[in-house]
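# Descriptive analysis of the structure
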Amino acid sequence: MGVDIERNIVVTSIEKLVNWGRKYSVWPLTFGLACCALEFIVAGSATIDMARFGSEVARPSPRQADLMLVAGTLTKKMAPMVKRIYEQMAEPKWVIAFGSCACTGGIFKSYNVVQGVDQIIPVDVYVPGCPPRPESFLTALIKLQEKIEKETVKERKLITAP
Amino acid sequence: METTFMTINMGPQHPATHGVLRLLLELDGETIVKATPHIGYLHRGVEKLGETRTYHQALVFTDRLDYTNGLSNNLAYCLAIEKLADIEIPKRAQYIRVILCELQRIAAHLLWLGTHALDLGAMTVLFYAFREREKVLDIIEYITGARLTPSFMRIGGVARDVDSEFVKKVKEFVNEFPKRIDEYETLLTENIIWKKRTVGIGVISKEEAISYGVTGPVLRASGVYYDVRKAHPYSSYEDFDFFVPLGKNGDVYDRYLVRMQELRQSNRIISQAIEGIPEGPFKANAPQVVLPEKDDVQTDIAALIRQFKIAQGGFRPEKAEVYASVEAPKGELGFYIVSDGSEKPFRFRIRPPSFLNLSALPRMIEGQMVADVIATIGSIDIVLGEIDR
Amino acid sequence: MISDKLDKIIKNFGTYIAAIKEEKGERTILVKPEAHKELLRFLRYDEEMSYDMLIDLCGVDYLGENPRFEVVYLLRSMRDGDRLRVKVRLNGEDEIETVSDLWRAADWLERETYDMFGIRFRNHPDLRRILLSDDFSGHPLRKDFPAEGFDFDKPFEVKLEEEI
């Protein structure tokens with residue numbers, strides 16, 4: 001039995017291999033704050049089906065998740081919990097700010113709303129919209145995958161807090 | 001011997017609390033001795049922000065209260081302002097409002113059905129329910145342009161007229177939907193596991209439900225006949241033939257049955273309204289208050305000026321106070337508006353149904369098992385956006 | 001029917017009622033704070049009244065007027081299906097007797113009114129903030145509280161429990 005070795009070996013760098021693996025196994029944290037969380041549920045249901053992008057395993061526990069999807073308004077009372085959950089997630093981890101409120105505070109310019117989740121945790125992808133359509137979650141995911149692809153070991157710091 | 005209770009913390013990040021609700025449970029073994037809900041993790045200050053906007057501008061905040069149910073929230077707010085400004089709404093607009101609100105009720109109940117069943121381990125129902133929910137949202141999106149937060153109602157009517165395509169889509173949906181409800185019911189109603197998880201769980205009696213101010217399907221499941229659509233009819237609900245389903249035991253299972261019946265009744269209302277939709281204007285004739293039609297604004301300079309004047313300066317209603325409420329999917333949603341004669345509301349009070357329904361939760365789950373907490377929370381159908389405002 | 005009820009209220013509480021008005025189909029009784037608890041108890045338990053559901057309870061801040069705060073109760077009789085609004089202007093101090101022993105619903109609604117307006121309800125079983133966090137200072141729905149808060153322009157810093 002002759003084995004065609006040349007067709008079965010792909011030469012790559014470890015970095016690219018790791019990034020390729022990470023890219024297609026982004027596990028999101030089921031973490032809805034407000035309205036936008038409903039659109040996230042729809043993104044997981046049959047019509048949109050985010051599973052096609054390797055991201056179907058929504059985890060309720062931050063320890064098992066790679067992607068924090070902040071979907072909804074972040075209030076000052078909730079902010080410590082969000083930061084704690086973010087710090088509980090293992091490296092590498094990414095954040096998508098889903099919806100206008102998570103990006104900038106949206107229409108709620110008020111005494112109890114944090115004007116953008118990037119004030120407390122670093123954000124990788126911003127998705128505007130009030131709420132964004134479920135398809136825009138897929139766009140955000142693809143953008144994030146592009147970002148992960150280009151990441152080098154040096155760039156990603158181990159310290160989490162901004 | 002000394003006994004100690006164990007305290008566990010549930011939430012605010014928890015998949016089964018439907019948002020950012022936090023519960024502190026004191027347990028004796030697996031039995032709940034005391035439950036303390038902590039809310040406010042989504043408090044955005046809507047009541048305060050409402051006071052800083054003109055009456056037309058404040059409309060957008062109402063969508064984002066109970067975000068499963070934007071159109072009914074719009075309607076409740078518009079009814080209050082229309083009462084304040086003494087505007088008579090044309091029949092066609094009232095019918096369009098009824099159709100949209102009932103469609104929204106179906107969407108909201110389907111969301112509840114899917115997530116409630118998912119919490120109790122019946123995952124299939126989620127995919128079934130979301131299939132129809134997407135159809136409803138497609139119809140809503142077709143006419144309003146948005147899926148969740150339409151802001152489609154206007155003070156004095158609706159934003160635009162419906163067309164024959166909309167009527168066709170609604171008719172198609174209405175004809176098909178009863179069969180789909182049968183499908184959900186085959187999955188759950190007689191399902192032995194479902195019944196074991198829900199029958200006799202989270203019971204609240206008639207008197208207690210009334211005392212807690214519980215409204216909506218939760219109150220009706222306890223056997224109290226109170227539906228704002230029947231008790232204080234608004235927007236032509238008296239024209240339609242439907243009945244108000246009641247439960248007997250006030251447990252999780254009865255709430256499920258009541259909501260399933262409500263889906264059928266909503267469907268009936270829509271089919272009557274879409275058949276009997278009258279011709280006529282879709283906005284009231286009150287040029288000082290109501291925004292002009294969009295087509296006129298783009299072609300007629302007088303309408304454009306009027307649009308600017310109302311949108312920027314607002315209008316000044318008389319000095320008065322009004323309360324108007326609708327039967328939202330969660331219960332009685334009311335707006336209490338105090339006007340001081342200026343173009344902004346002096347007090348913008350929202351009467352949130354979920355807030356009071358949730359306040360009865362500790363009473364419902366005391367003495368029950370931990371696993372029943374999930375079933376009970378799901379059956380109250382809370383939305384934190386509305387509780388915390 | 002409804003006017004019978006009003007007559008009976010006037011008969012029993014005539015001297016304590018500051019005003020009765022009806023506008024836009026809604027009845028409002030303005031009661032003096034001395035008798036507000038008795039009136040509400042009467043409305044709740046009297047056989048003819050039976051206003052057994054407290055639909056809503058909220059505060060209103062009339063800054064610049066004296067007395068400043070008003071508490072509004074919206075009641076509904078499940079038997080007769082009519083609504084009644086009772087308003088009370090607080091005397092000088094920001095305190096009033098609780099009604100949480102009459103309606104369970106008042107428990108959370110009074111906590112919310114306390115949170116938003118700083119109106120204290122005497123003998124309330126558990127009067128603490130409900131929507132805002134415990135370390136929040138001020139009562140946001142008061143008219144002298146800015147909508148965006150006092151520290152809007154500063155960057156928001158979050159502290160975890162162990163850092164405090």
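All values derive from a computational prediction rather than experimental measurement.

### Some thoughts on the sheet that holds strand β1 (residues 6–10) of chain B
Residues and elements named next belong to chain B. Across the sheet, three strands lie side by side as β1-β2-β3; this open sheet has antiparallel pairing. Of all the strands in the sheet, just β1 and β3 (31–38) have a single pairing partner and so form its edges. On average, each strand axis in the sheet is inclined to that of its neighbour by 20°, with strand direction left out of account. With five bridges joining them, β1 and strand β2 (residues 22–28) adopt antiparallel strand pairing. Counted as the bridge partner of Asn9 is Leu24 from β2.

### So, the interface of chain B and chain C
Contacts between chain B and chain C engage 46 residues on the former and 42 residues on the latter. Interface of chain B and chain C: buried area, both sides summed, is about 3,700 Å²; carbon and sulfur atoms make up 58% of it. For the chain B face of the interface with chain C, the top three residues by lost area are Lys48(B), Glu321(B) and Phe346(B), together amounting to 18%. Across the contact surface, chain B and chain C share eleven salt bridges. Of the charged contacts in the structure, one is a salt bridge between Glu112(C) and Arg349(B), with a shortest N-O distance of 3.2 Å. In this structure, the connection of chain B to chain C is made through 26 residue pairs in polar contact (both at pLDDT 80 or more). The biggest single contributor to the side of chain B that touches chain C is strand β6 (residues 320–328) of chain B, with five residues.

### Quick look at the confidence of the model for chain C
Scored by pLDDT, chain C has a mean of 83; 97% of the residues are at 70 or more. Here the complex is predicted with pTM 0.88, and the ipTM for its interfaces comes to 0.88.

### Thoughts on the packing of helix α6 (residues 164–188) of chain B against helix α11 (residues 252–275) of chain B
Residues and elements named next belong to chain B. At a minimum axis distance of 10 Å, the contact between α6 and α11 shows a crossing angle of 160°. Our classification of the angle between α6 and α11 gives roughly antiparallel. The hand of the α6/α11 crossing is left-handed.

Each value, and the rule that gives it
- The residue numbers shown here count from 1 along each chain, following its written sequence.
- A letter from A marks each chain and a number from 1 marks each ligand, given out in the order of writing.
- Side-chain atom pairs in this predicted model are given and counted only at pLDDT of 80 or more, local residue features only at pLDDT of at least 70, and totals for whole chains, interfaces and linings cover all residues.
- By convention in this description, side-chain values take in all heavy atoms of the structure and omit both hydrogens and water.
- Here a strand pair is declared whenever DSSP counts at least two bridges between the two strands.
- Helical segments are the DSSP runs of H or I of at least four residues, strand segments are the runs of E of at least two, and each set is numbered from the N terminus.
- Lines fitted to the C-alpha atoms define the axes, with helices restricted to the stretch that makes contact. Angles between their N-to-C directions range from 0 to 180 degrees.
- Here a residue-residue contact requires only that any non-hydrogen atoms of the pair lie within 4.5 Å.
- For any pair of parts, buried area is found by adding up, for both, the accessible area (1.4 Å probe) each one loses once the two are put together.
- Throughout this description, the term salt bridge denotes a Lys or Arg side-chain nitrogen within 4 Å of a carboxyl oxygen of Asp or Glu.
- Polar contact is the term for a pair of N or O atoms within 3.5 Å; when the atoms are in protein, one must be able to donate a hydrogen and the other to accept it, and sequence-neighboring residues count only if both atoms are side-chain atoms.
- As a per-residue measure, pLDDT reflects the predictor's confidence and takes values from 0 up to 100.
- Angles below 35 degrees are treated as roughly parallel, those above 145 as roughly antiparallel, those between 65 and 115 as roughly perpendicular, and all remaining angles as oblique.
- Here a crossing is taken to be left-handed if its near helix is turned anticlockwise relative to the far helix by less than a right angle, and right-handed if that turn runs clockwise.

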